[in-house]
Every structure is written in C-alpha cells, then in structure tokens.
Amino acid sequence: MDDKFLSGIILGMLGGALIVTNSVKARQMVKDGQTQVKEKITEITEKDKKKKS
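Residues numbered from 1 in each chain as written. Predicted model: local features only at pLDDT ≥ 70, side-chain atom pairs only at ≥ 80, totals over all residues. Heavy atoms only, no water.

Comments concerning the overall build of the protein chain
A count of helices and strands for the protein chain gives 2 helices and 0 strands. Relative to the compact-globule value of 10 Å for 53 residues, the protein chain shows a C-alpha radius of gyration of 18 Å, a clear excess of over 25%. If one aligns the C-alpha atoms of the protein chain with their principal axes, the spans along those axes are about 50 × 35 × 10 Å. Counting the 53 residues in the protein chain, one finds 2% classified as buried. Accessible area of the protein chain: about 5,200 Å², with a carbon and sulfur share of 64%. Within the protein chain, one finds 11 positive and 7 negative side-chain charges whose respective centroids are separated by 5 Å. (Helix = DSSP H or I, 4+ residues; strand = E, 2+ residues; numbered from the N terminus. Rg over C-alpha atoms; globule rule 2.2 N^0.38 Å. Buried < 20%, exposed > 50% of the residue type's maximum accessible area, 1.4 Å probe, protein only. Areas by Shrake-Rupley, 256 points an atom, 1.4 Å probe, with all protein chains shown as cover. Lys, Arg positive; Asp, Glu negative; His and termini not counted. Charge placed at Lys NZ, Arg CZ, Asp CG, Glu CD.)

Laid out in structure tokens, this is it:
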C-alpha cells in the first residue's frame with residue numbers, strides 16, 4: 001500500500017511539472033500564486049513587527 005501511494009505521489013509531481021513546463025497559462029498561474037504567497041507573508045511579518053513595537 002505504501003509503495004503504491006509513494007509512486008502515485010511521485011508520478012503526480014512529475015506529471016504536474018511536465019504540464020507546468022509545457023503550458024504558458026499554467027506557468028503564469030504558478031507565478032501568480034507565488035507572488036500572492038510572498039505578499040501575504042510580507043503583510044503578516046509587517047503586522048507582527050508593528051504589534052511588537
């Protein structure tokens with residue numbers, strides 16, 4: 001059971017990586033997601049700094 005699960009995860013990651021590398025739209029979605037995560041982290045850290053001051 002564990003071997004099938006791990007191989008499924010690996011195949012899923014490889015398939016996702018192939019889709020992203022071959023699709024401009026998917027690549028843009030990944031970039032946008034990364035940007036949103038970075039902005040949220042920045043907001044959270046700035047709020048935390050203000051609370052400590």
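Some details on a nonpolar patch on the surface
A cluster of nonpolar side chains, F5, L6, I9, I10, L11, M13 and L14, forms an exposed patch at the surface whose accessible area comes to about 730 Å². Considering the arrangement of structural elements, one finds M13 in helix α1 (residues 2–22). With a relative accessible area of 55%, M13 lands in the exposed category. (Patch = residues over 30% accessible without salt bridge, like charges linked within 9 Å, V, L, I, M, F, W, Y side chains within 5 Å. Salt bridge = Lys/Arg side-chain N within 4 Å of Asp/Glu carboxyl O.)

In short, the description is geometric, and any link to function would need to be established separately.
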